[in-house]
Every structure is written in C-alpha cells, then in structure tokens.
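Observations on chain architecture
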Amino acid sequence: MAITLSQLNAASKGEALTMLDGLYEHSPWIAEQALAARPFRSLAQLKHAMARVVADASRDAQVALIRAHPELAGKAMLAGTLTAASANEQNRAGLTDCTPDELTKIRQLNAAYNARFGFPFVLAVRGPRGTGLNKRDILKTFERRLENHPDFELAECLRNIHRIAEIRLHDVFGDTPELGNLVWDWAERLTVHSDPGYAERGELTVTYLTDAHRACAQRLSHWMREECGFDEVAIDAVGNVVGIYHGSDPAARRLLTGSHYDTVRNGGKYDGRLGIFVPMACVRELHHQGRRLPYGFEVVGFAEEEGQRYKAVFLGSGALTGHFDMNWLEQKDADGVSMREAMEHAGLCIADIPKLRRDASKYLGFVEVHIEQGPVLNELDLPLGIVTSINGNVRYLAEIVGMASHAGTTPMDRRRDAATAAAELALYVEKRGGAVPHLVATVGMLEVPNGSINVVPGRCKFSIDIRATTNEVRDACIADVCAELARICERRGLHHKLEETIRAAAAPSAPAWQQRWERAVDALGAPLYRMPSGAGHDAMKLHEVMPQAMLFVRGENAGISHNPLESTTSDDMQLAVEAFQQLLDNLAAEMK
C-alpha cells in the first residue's frame, strides 16, 4: 500500500522511520536525521534532505554506508541473504541468472575493486530509466570505474546509493515519473538514426542534412503532430522542425523554446534533444487536457548547432535571428558536398531562408532546457540548475616558432624550443583561468609538426579557449595571456603567430526569465541552485534578439557530455517537465 507525503509529514518519528525503512541499505540514520526537516513539500525535497545528511556525514560514516551494500552477484546473493529490495534489484538486472563465465568475471571484478578501494562496488542496477540495466552494461561500467581515483569513486558510489534510494522511494510512494519516462523513451527511439560508419558500431552521430538527420526531423515532426497535438508542424528552409501550439488567441505573442537535434560524432542522446522533448511533453499534456494558454507556444528542433559537417555553427537558431550567412552555402564537407547541394538534395527551399527571421516583437522571450554537460549538479546531488549566464568565449589557433636542432648536440642553454615555450604558456593559462570565479581557460590542442624523438622542437601549434560569464572578465584574461605569450617568446628568442577563430559575447539570462525559472523550480520543492553555463547553446543566438533564460538538468556519470556515457534519469527529466509546466502556468497567471 503506497503512502502519501502528507501521511509521512503527519506521522510520529517512529512511524515515519518505518515508512522509510530500507531506502538506504542497513542505514536508518539517514532517514532519521532527514526527518528533522519535515514537513516536506515534495519528494524532491525529501530526497535532497537525505542526500545532505550523507554529504554532511564523516568519511568513515560514508564508507560504512557503502560497505553496508552487498557485492553484485556476490556471496550474499548466492547465500540468499540479500535484503528484499537488493534481491529484487539484482534479479531485475539478471544477476541471479548469470552463466558460470559471467559469475567468474564478476567475482574477479569484485575482488579487484575491493583490493583497490576497500569497499564494494555499488551501482544502481535499475538504471536511469528504473527498469534495469543489462549484464553487459553492468560489466562495462564495473571495468570503467575500476580506473577511477579513489576519492572520485567513493563519491560515485554515494551517488549511486542516492539513485538506489530514489527508486526505492518512488516504490514506497507509488510514484511513477510518467512524463520523464516518455521523454526518456523519445530519446531512445530517436537514437535509431545515426550516420553511416557510426551506426554500424552502435555510436550516435547525426550531422547536418545526412539521411539520419533528415530521418530525425521526420520523426520529430510526426511526434509533434500525432503524439503531442501541435496545431502546426513544419520543417523549414534550413531543416528546423517547428511546432506551434496556439494560444486562446491565435494572434497572441508566443513563447519560443527548443534546442538542437544534431549531435557531435559519437556523442550522447540528450545534448540538445532534451530541450526539444521536454516542451513537447508539456504540449502533449496541454492537448490532452484541452487547455489553451493566453499566449502561443512555439517549439523548435534546431537543425544544427554543433558545426560537425560544415564550419557553420548555430545554423538553425541563426536563421531565426536573421544571422544565416548565405556564404555558408558554398562550404564543402569532407566528401566535397557543398551545403547548397546538401540543402537541394534534402528538398529545402534556399530562397526561403531569409523569411525565417522572427519578428522579436511577436515573442515573449526564449527559454531552453538543456542537460548540464558538466559535473556540478551531479556532485551536489541537485536535479536542476538555474542558468545565470552563458559564457562568452574567444578561441585562438596559435603557433610558436623557434629552431629545430639536434637533441643530443644542442646545449640546454642554447635551445630555441617551441614546445617547452608552449608548455610554459599552457601552465600560465591554467593558473590564470583558475584565478577568477566563473572564468575558464584551456589549451586543448598541442602539436609539434614533424616532431622526432631526437629533435628539439622548432615549431609548436596549439589552441587557446577562454570563457567567462562576462566579456570584461574574459577580455582581461585574454590580454594577460597574450602578454605572457609575448614575454615567453621574447625571453626564449622565439616568435609567435596568433589567429582568433571564434568570438562570442556572453549571454546573461534576462532577470525576469531567470526568476520565472526560479519560481518554477521552487514550486516543486527542489533546491534552487544558480550557475553559469560554460558551453554555448542556441539560447546564445536568440539572446541577440530577445530575452532568454535556461534551465539545466543534472547529468549522470559525473555529468560527462559529448560522449556515449552522457546520461540523465527519468526522474530528473520528470522534474524538468514539471518545472516547465510551472513556468507555463505562472506565465499564464501573469498575463491574466
């Protein structure tokens, strides 16, 4: 019999502890301390309260919590002494039905893991969807995490313990993240389409106007029309998928939202796409309820953001802001196919591209939901983050030129080593980037052209990427890095070249729209956490013509993105949908 939050809030301490018994394996102290924060407004608030108890506990208590968990397919399972919850979870994952070879492999991994870390491997085997991981995924995760740093792995075990508790909590309350599951399933179904050369290896790659890209557009438009009930759905002249859900007055201004559906090569399932599916789920619910908002709602699946096939970036959102550069049409991909030819092959009407520019006066603003693509929310055990600003960034391609010479015969004080000069600058870039909050600076590429093991490098090519929440902080860092590069080269008798390749202004969130996201998240009982975005997003382009604000969703696996390990849970997706619904309802109330 499922319990309710009101029952938990009203129960005596003993009764409440009984209700929450078993969420954390053999560790009732977590629920006991968390209950001091009653009354809880939501399950999200209860989850966070328990996570904070663990975070505030001593390291010894945290290790003891991990050790309270059984090994996967270990002695407790074979002896039948698992708790009912653990037995159910391991059974769902197929661990109670291992072959002799699988059991041998798991035992070897358990032994190696315990020897390295001193505690058992903990994995939420019911997975991010709650339905269970397969044995292949479990073994791959086991092997990958064996390489982690001990401190990181301890934190990873705790994060998985919180996920186990989250799933058990939903079982106790009879709560199912139905809309989160819907979004999850859409994301899975869209991964069927991947570019040749990647699809065969089970990798997700969808680049601009390939067959896979066009299939994604068709699938999105079908779901918008048939599953969600949008009033108008179209694929526009650059391949954007545009769905419109009219307000009670079809002529009313619209709220614009969306994100991109293209991917990087061998990327993840949620970067961009989550920001399409979440508002689609909102429209689906509005349609099922027969509700109209006092404003229109326009959801756009942007055709391109990543710049993978052509050197154009923000091609889809740039078309809406009137910044599509027609010179891009002559760019050619690696196979010599021009963008113009690709568009014509896809049946797009190039002459209509200028018509895609939106009249900002007809829009209320732009909001975007996006997976965080970083570790912050994951480390803090927070499901959602409010974006305060999208970092402005500048990128350079640089080269230091010295003199190539024999590694054995050139004395150390006579060398003109380009690579060590670049290394010196890279260390300065790292130090300078860490000196100011919300500033990051990276040397991501280092190359010694035609380098040899026995030659002092005469040339070194490298990249510099500097980002900050304000242009002023970014530009101050740029000035210091450029000055240091000049000093290093002068001292070492070298010269350098510096080419700026990208410059994008910071895009601070519009205060009113950021506050709307904050009110929406607070209404869910979830903690408010404000953070900058270090990555670029379509919202940066829309920022040029209308107010914008973003909502981040926690990523699993330390928040890794642009990687097949990119993941989030259906529970966090559910909260994202509910936050968006709150924003829509609050906005409707404002307009009455």
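It should be noted that the structure appears before, not after, this text.
So, a few notes on the structure that sits alongside this text. Since this is a predicted model, take the numbers as computed values, not measurements.

Topic: the packing of helix H12 (residues 211-228) against helix H13 (residues 274-289)
Where H12 meets H13, the closest approach of the two axes is 9 Å, and the angle between their N-to-C directions is 20 degrees. The pairing of H12 with H13 is recorded here as roughly parallel in orientation. Pair H12 / H13 crosses with right-handed handedness. Residues Leu220, Trp223, Met224, Glu227 and Cys228 of H12 form the contact with H13, whose own contacting residues are Ile276, Phe277, Met280, Val283, Arg284, His287 and His288.

Notes on the pattern of salt bridges
Within this structure, the stated rule accounts for 44 salt bridges. Here arginine 395 ties to aspartate 465 by a salt bridge, and the two come within 3.2 Å at their closest N and O atoms. Placement of arginine 395 in strand E7 (residues 392-401) and of aspartate 465 in strand E12 (residues 459-468) is noted, with a sequence separation of 70 residues between them. Take arginine 395: its relative accessible area is 32%, and that puts it in the partly exposed class. When the shortest N-O distance is used, the salt bridge between glutamate 500 and arginine 503 registers 2.9 Å. Taken together, the shared-partner salt bridges in this structure form one network comprising Lys47, Arg163, Glu166 and Asp571.

A closer look at empty space enclosed by the protein
Left-over empty space is what a probe sized like a water molecule reveals as it rolls over the atoms. Within the structure shown, the criterion is met by 4 cavities of 30 Å³ or more. Space inside the largest cavity adds up to approximately 120 Å³. As for the largest cavity, its lining consists of His69, Pro70, Leu72, Ser86, Glu89, Gln90, Phe121, Val122, Leu123, Val125, Ile164 and Arg168. Among the secondary structure elements, those contributing two or more residues to the lining of the largest cavity are helix H7 (84-92) and helix H10 (150-173). If you tally residues by element for the lining of the largest cavity, the top one is H7, at 3 residues.

Quick word on the packing of aromatic side chains
The full count for this structure, using the stated rule, is 14 aromatic pairs. Between tyrosine 113 and phenylalanine 142, the ring centres sit 5.9 Å apart and the planes meet at 80 degrees, which makes this aromatic pair edge-to-face. Within this pair, whereas tyrosine 113 is found in helix H8 (residues 100-117), its partner phenylalanine 142 is found in helix H9 (residues 135-145), the two being separated by 29 residues in sequence. Exposure remark for phenylalanine 142: the relative accessible area of 1% places this residue in the buried category. Taken together, the aromatic side chains of Tyr113, Phe117, Phe119, Phe121 and Phe142 make up a single cluster linked through ring pairs. In this structure, arginine 159 packs its charged tip against the face of phenylalanine 152, placed 5.4 Å from the ring centre. Cation over ring: arginine 292 sits above tyrosine 245, and NZ or CZ is 4.3 Å from the ring centre.

About the cut-offs
Counting of residues starts from 1 at the beginning of each chain's written sequence and follows it residue by residue. Reporting of local features is limited, given that this is a predicted model, to residues whose pLDDT is at least 70; pairs of side-chain atoms are given and counted only at 80 or more, and all residues count toward the totals for whole chains, interfaces and linings. As a rule here, side-chain values come from all non-hydrogen atoms in the structure, and water together with hydrogens is ignored. To get an axis, fit a line to the C-alpha atoms, keeping to the stretch in contact for a helix; angles then go from 0 to 180 degrees between the N-to-C directions. Helix and strand definitions follow DSSP, with helices as H or I runs of at least four residues and strands as E runs of at least two, each counted in order from the N terminus. Put simply, angles under 35 degrees are roughly parallel, angles over 145 are roughly antiparallel, angles from 65 to 115 are roughly perpendicular, and the rest are oblique. For any pair of crossing helices, the crossing counts as left-handed if the nearer helix is rotated counterclockwise from the farther one by less than a right angle, and right-handed if it is rotated clockwise. By definition in these notes, contact holds between two residues if any of their heavy atoms fall within 4.5 Å. Salt bridge, as used here: a side-chain nitrogen of Lys or Arg that lies within 4 Å of a carboxyl oxygen of Asp or Glu. Residue exposure (1.4 Å probe, protein chains only): buried if accessible area is under 20% of the type maximum, exposed if over 50%, otherwise partly exposed. A cavity here means a set of 1 Å grid points, computed over protein atoms only, where a 1.4 Å probe fits but cannot escape. A pocket is an open set with protein on both sides within 12 Å along at least 5 of 7 lines, and lining residues have an atom within 4 Å of a point. Grid points are joined across faces, edges and corners, and a volume is the space filled by probe spheres set on the points. When the centres of two rings from Phe, Tyr and Trp lie within 6.5 Å, Trp using its six-membered ring, the rings pair. Their planes under 30 degrees apart give stacked, over 60 give edge-to-face, and anything left gives tilted. To sit over a ring, a charge needs its Lys NZ or Arg CZ within 6 Å of the ring centre and within 35 degrees of the ring normal.

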